[in-house]
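Spelled out from the first residue to the last, the chains are:
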There are 2 protein chains.
Amino acid sequence: MKISRRDLIKVSAATAVLGTFSPASEAVGDPLPSWNDGTSKKAVLEFVRATTEKSSPKYVEPKDRIATFDQDGTLWTEHPLYSQAMFALHRVGEMAPKHPEWKTTEPFKSVLTGDREGISKFSENDWMEIVAVTHSGMGTEDFQALVKQWITTAKAPRFDRLYTELVFQPMLEVMKYLREKDFRTFIVTGGGQEFARVYGERVYGVPPEQVVGSSIVTKYDYVNGKPVLMREPKPFFIDDGPGKAIGINMFIGKRPYAAFGNTAGDQQMLEWTQAGDGARLMMLVLHDDGQREYAYGPAKGLPDTQVGTFSKALLTQANKSGWVVISMKDDWKRIYPFDK
Amino acid sequence: MKISRRDLIKVSAATAVLGTFSPASEAVGDPLPSWNDGTSKKAVLEFVRATTEKSSPKYVEPKDRIATFDQDGTLWTEHPLYSQAMFALHRVGEMAPKHPEWKTTEPFKSVLTGDREGISKFSENDWMEIVAVTHSGMGTEDFQALVKQWITTAKAPRFDRLYTELVFQPMLEVMKYLREKDFRTFIVTGGGQEFARVYGERVYGVPPEQVVGSSIVTKYDYVNGKPVLMREPKPFFIDDGPGKAIGINMFIGKRPYAAFGNTAGDQQMLEWTQAGDGARLMMLVLHDDGQREYAYGPAKGLPDTQVGTFSKALLTQANKSGWVVISMKDDWKRIYPFDK
């Protein structure tokens, strides 16, 4: 590209205007407008200051600025059931005509008869069976097309909104703010990597290569002479609990400076983050707002749950380790982007 | 940052100067000075033009510009033996005092007695055993420290140079050129991911999160209360052959636009790359320069080898598929950075 006289004039004019004001990014003011003032908000702001101001003794080079976020319950609503579990149940319904035997076989029978009580009692093995059957048998691209079709149309219970609308506005602000400060934001989810990659960029601004998650075995094969990665009904990697630290090391190869979660499945991710030197930020979202979202624990006397448990042991560790517990009720002005 | 009057003057001055010349990046001239003119060089230049010029019908958005490179034999010399295999043999020597039984047990006996003939006949299982023993039993950080110590001191046979000096200057130029054009360059190696991550950034400009490779199982554990990822003597993922396409999908989640390899272990990576639409570049390095590097095939009548075989079948597929075969002898002016 050659720079013409005309471009020169444009650049000079723009510079002259900018010269009298602060650039837009500084003029914006509060980077976390949906957060109430308090310990949680202050922790984020102080962490960013400590790691990104050149004069800070805890300054971190941009190339090493990594922040990791659990998804379910940390970035979006996970109650009454994880979105991906809802997708799996939907798939059972879609696939049922080709599986007449499901009418009389559990766990499929409960799904097909809409037995909520039965579904709520599914064991981990029941879920593994449902996920294996509904998430395999097709190429990766066909699977992503199925997810895309569902995620752009299916509505979540109670709010009657798309699942992707039930994202937490305050967390979107944290992600955006970190990215503005040259952090790269990764999703590190116990859910399916290939599932979250479908909408991660659109919903969170996180591109596929920054989504780490659980995966099943894929097999390199050919369909009509074209290579396809066929999804097999076998788990390959479980990105949960210790798996989150393992996954972070395997996929990113760098230790995060900040990590956000909400259950014991995020414990090792936060431990692994904290074990590095310099400034580190570890935060846990506590769902204590039954009015605007859901309230469950059982930490802090909140009702117990099978989905996204914040255990008392986790709260004890958080207090001992200096992890910041975010109260949705007290710390967040808004929960969802559509909230006033 | 506020822009001051003084900055304004600087910018205007700089713009005025630039206004009369092309910007520096254009003035540099040939981005591939170590390449002779010919089909290979032209293929790279034409691919970059087609994917990065805004007016091109095959223009690719910067966020999707992914290029993947095999390492051994594609980015650096792999003869007489892969660098990591040399590291493993070195580790056997280091560990031997604590394993008196190795004196009489194969495959260790051959290593300890320096039996080159015996080593050259090691089966894949022999190598697996050696790698498992020498690459496990420590935390990931301790392992990387061992690699760093070795890779910064050990000398490669014949050239008496550090292994990291035996990188191919023309390939470094391709990587640099692609990065200048907003491609992200990934190493996709059959070798150890954790091994190549130690020096990838320094040697190739490829950061840890852009190194995809084979890995062993790691276990989350605690040493003195601090979390550690312990390396276990069990393979986890083999990033070779079909594994390269699987690894690319798993780690990157995007299809490359360009892929570079040199053996049948790279075949599926190139197929997977080519199966996307738009402009795609697939290249294979042929080691046909025994004088400046090594000559082996057996394609094109070159001597057969066990290390980095370029088979006749691969050449047939390359010709059929329009993959570009790089002749080290004819296409490269220089092999190594230290060559005149």
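For the structure itself, look to the data block above.
Because the structure is a prediction, the values reported are computed rather than measured.

Asks: How would you explain the packing of aromatic side chains if you had to name every residue and give the values?
Replies: Using the criterion set out here, one finds 46 aromatic pairs over all chains in the structure. Both rings, one in Phe168 of chain B and one in Trp332 of chain B, keep their centres 5.4 Å apart while their planes meet at 45°; by these two values the pair is tilted. Taken together, the residues Phe168 of chain B in the loop between strand 3 (161-162) and helix 9 (169-180) and Trp332 of chain B in the segment after helix 15 (328-331) connect sequence positions 164 residues apart. The exposure class assigned to Phe168 of chain B is buried, which follows from its relative accessible area of 0%. Of the aromatic side chains, those joined through ring pairs into one cluster are Trp76, Phe87, Phe143, Trp150, Tyr163, Phe195, Tyr199 and Tyr204 of chain A. Across the ring face of Tyr294 of chain A, the terminal group of Arg158 of chain A is positioned such that the distance to the ring centre comes to 5.1 Å. The ring of Phe338 of chain A is capped by Arg161 of chain A, whose NZ or CZ atom sits 3.7 Å from the centre of that ring.

Asks: Lay out the environment of Gly190 of chain A in plain terms, naming residues and giving numbers.
Replies: Residues and elements named next belong to chain A. With respect to the helices, strands and loops of the structure, Gly190 is situated in strand 4 (residues 184-192). Sequence-wise, Gly190 and Lys63 are 127 residues apart; in three dimensions their C-alpha atoms are separated by 26 Å. In this structure Gly190 touches Ser214, Asp239, Asp240 and Lys244, once residues within four positions along its chain are discounted.

Asks: Describe the sheet that holds strand 6 (residues 226-237) of chain B, with residues and values.
Replies: Adjacent strands of a sheet pair through backbone hydrogen bonds, lying either parallel or antiparallel. Residue and element names in this part refer to chain B. The 7 strands are arranged 6-5-4-1-7-8-9 in an open sheet whose pairing can be described as mixed. Each edge of the open sheet is held by one strand with a lone partner, namely strand 6 and strand 9 (324-327). Recorded for the sheet is a direction-independent mean angle of 35° between the axes of neighbouring strands.

Asks: Help me get a handle on unusual backbone geometry, residues and values and all.
Replies: Cis geometry marks the peptide bond from His79 of chain A to Pro80 of chain A, where omega comes out at 0°. Tracing the backbone shows Pro80 of chain A in the loop between strand 1 (66-69) and helix 4 (83-95).

Asks: Please provide a residue-by-residue account of the sheet that holds strand 4 of chain A, values included.
Replies: Pairing in this open sheet of 7 strands is mixed, and the strands run 6-5-4-1-7-8-9 (chain A) from one edge to the other. Bordering the open sheet on either side are strand 6 (226-237) and strand 9 (324-327) of chain A, each of which pairs with just one other strand. When the angles between neighbouring strand axes are averaged without regard to direction, this sheet yields 35°. Where helix 13 (residues 267-274) of chain B meets the sheet, its contacts fall on strand 5 (211-223) and strand 6 of chain A, and the angle it forms with strand 5 of chain A comes to roughly 90°.

Analysis parameters
Residues numbered from 1 in each chain as written. Chains lettered and ligands numbered in written order. Predicted model: local features only at pLDDT ≥ 70, side-chain atom pairs only at ≥ 80, totals over all residues. Heavy atoms only, no water. Phe/Tyr/Trp six-rings, centres within 6.5 Å; stacked < 30°, edge-to-face > 60°. Helix = DSSP H or I, 4+ residues; strand = E, 2+ residues; numbered from the N terminus. Buried < 20%, exposed > 50% of the residue type's maximum accessible area, 1.4 Å probe, protein only. Lys NZ or Arg CZ within 6 Å of the ring centre and 35° of its normal. Contact = heavy atoms within 4.5 Å. Pairing = 2+ DSSP bridges. Axes fitted to C-alpha atoms, helices over the stretch in contact; angles between N-to-C directions.

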